[in-house]
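Observations on the three-dimensional arrangement
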Amino acid sequence: MSNARQNLIRILQNAHAGELAAAFAYRGHWKSLKSGAAECEGIKKIEREEWEHRENVARWLVKLDAQPRPLREKMFWTIGKTIGLACYVSGWFFPMYFAGRLESKNVQEYVDAAEYAKELEMKECFDEMMEMSRVEGEHEIFFSQTVATHRLLPLTRRFFHWS
Ligand SMILES: [Fe+2]
Ligand SMILES: [Fe+2]
């Protein structure tokens, strides 16, 4: 098996589990917000997009003759559920900040996947990876704009390097 193919499969397996954690975390996140909160609809939309990403990723894994890794899926299921619950007690700011920070990593993850797809001359896969990267970029912008004026941002940013 070529390196590019192996690398692409590895990224997709990670993303498949990562999207599961993200979707559950966002579900907990919007549910934990005060009803009528301005950010609620935005985060619901992001949750839907993470489920779509997971379906896309699953489809490409099948085409590459590969599967999600069961242990990783279980781990990320737990992580997603835990973060979702933590949103109820962590206050408004931190779930927004760390979501944004995570999204910035996802942008790069799908660009890397697209590069391997290109190497493998999988044009359709390349296009879909770039499109998912673009959507992750929108998610990042959503969260960065949401926290932009928050009083905790300057300090948090110094420790965790995002935004
Ligand atoms: Fe995603
Ligand atoms: Fe995302």
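Report on the accompanying structure. (Residues numbered from 1 in each chain as written. Chains lettered and ligands numbered in written order. Predicted model: local features only at pLDDT ≥ 70, side-chain atom pairs only at ≥ 80, totals over all residues.)

1. A few points about the overall build of the chain
The number of helices and strands found in the chain is six helices and zero strands. From first element to last, N terminus to C terminus, the chain shows the α and β order α-α-α-α-α-α. Across its three principal directions, the C-alpha atoms of the chain cover 50 × 25 × 25 Å. A separation of at least 24 residues holds for 77% of the contacts in the chain among residues at least 6 apart in sequence. (Helix = DSSP H or I, 4+ residues; strand = E, 2+ residues; numbered from the N terminus. Contact = placed C-beta atoms within 7 Å.)

2. Notes on unusual backbone geometry
Where the residue is not glycine, phi is negative for most of them; where a peptide bond is considered, it is trans in most cases. The residue Asp65 is not glycine, and still its phi comes out positive at about 65°. Here Asp65 lies in the loop between helix 2 (40-63) and helix 3 (70-86). Classification of Asp65 by C-beta neighbours within 10 Å gives exposed; the count is 9. Unlike most non-glycine residues, Glu121 shows phi in positive territory, near 60°. In this structure, Glu121 sits in the loop between helix 4 (93-119) and helix 5 (123-147). Overall, the presence of 9 C-beta atoms within 10 Å leaves Glu121 in the exposed class. (Buried ≥ 20, exposed ≤ 12 C-beta atoms within 10 Å, placed from the backbone.)

3. Concerning the environment of Glu49
In this fold, Glu49 is placed in helix 2. With 19 C-beta atoms counted inside 10 Å, the residue Glu49 sits in the partly exposed group. Distance from Glu49 to Ala23, taken between C-alpha atoms, is 8.4 Å for residues 26 residues apart in sequence.

4. Observations regarding the packing of helix 2 against helix 5
For the pair helix 2 and helix 5, interaxial distance at closest approach is 11 Å and the crossing angle is 160°. Relative to helix 5, helix 2 is oriented roughly antiparallel. The crossing of helix 2 and helix 5 is left-handed. Residues Gly42, Ile46, Glu49, His53, Asn56 and Trp60 of helix 2 touch helix 5, and the partners they reach there are Cys125, Glu128, Met132, Val135, His139 and Phe142. Grouping the constituent residues of the contact of helix 2 with helix 5 by class yields six nonpolar, four polar and two charged. (Axes fitted to C-alpha atoms, helices over the stretch in contact; angles between N-to-C directions. Parallel < 35°, antiparallel > 145°, perpendicular 65-115°, else oblique. Left-handed = near helix turned anticlockwise from the far one by under 90°. Nonpolar A, V, L, I, M, F, W, Y, C, P; charged D, E, K, R; others polar.)

5. Quick word on the nonpolar core
Counting residues in hydrophobic clusters, the biggest one holds 15 residues, and the most contacted among them are Leu8, Leu12, Ala113, Ala117 and Met129. The element contributing the most residues to this core is helix 4, with five residues. Setting aside chain neighbours within four positions, we find Met129 in contact with Tyr110, Ala113, Ala114 and Ala117. With 14 residues, the next largest nonpolar core counts Leu20, Phe24, Tyr26 and Trp30 among its residues. (Core = buried A, V, L, I, M, F, W, Y, C linked by C-beta atoms within 7 Å.)

6. Thoughts on the packing of helix 1 (residues 3-32) against helix 4
Running from amino to carboxyl end, helix 1 crosses helix 4 at an angle of 155°, the nearest separation of the two axes being 10 Å. In terms of their interaxial angle, helix 1 and helix 4 are classed as roughly antiparallel. You can see that helix 1 and helix 4 cross each other, and the crossing is left-handed. When helix 1 is examined against helix 4, the residues Ala4, Asn7, Leu8, Ile11, Leu12, Ala15 and His29 are found in contact with a partner set consisting of Pro95, Ala99, Glu109, Asp112, Ala113, Tyr116, Ala117 and Glu119. Grouping the constituent residues of the contact of helix 1 with helix 4 by class yields 10 nonpolar, two polar and three charged.

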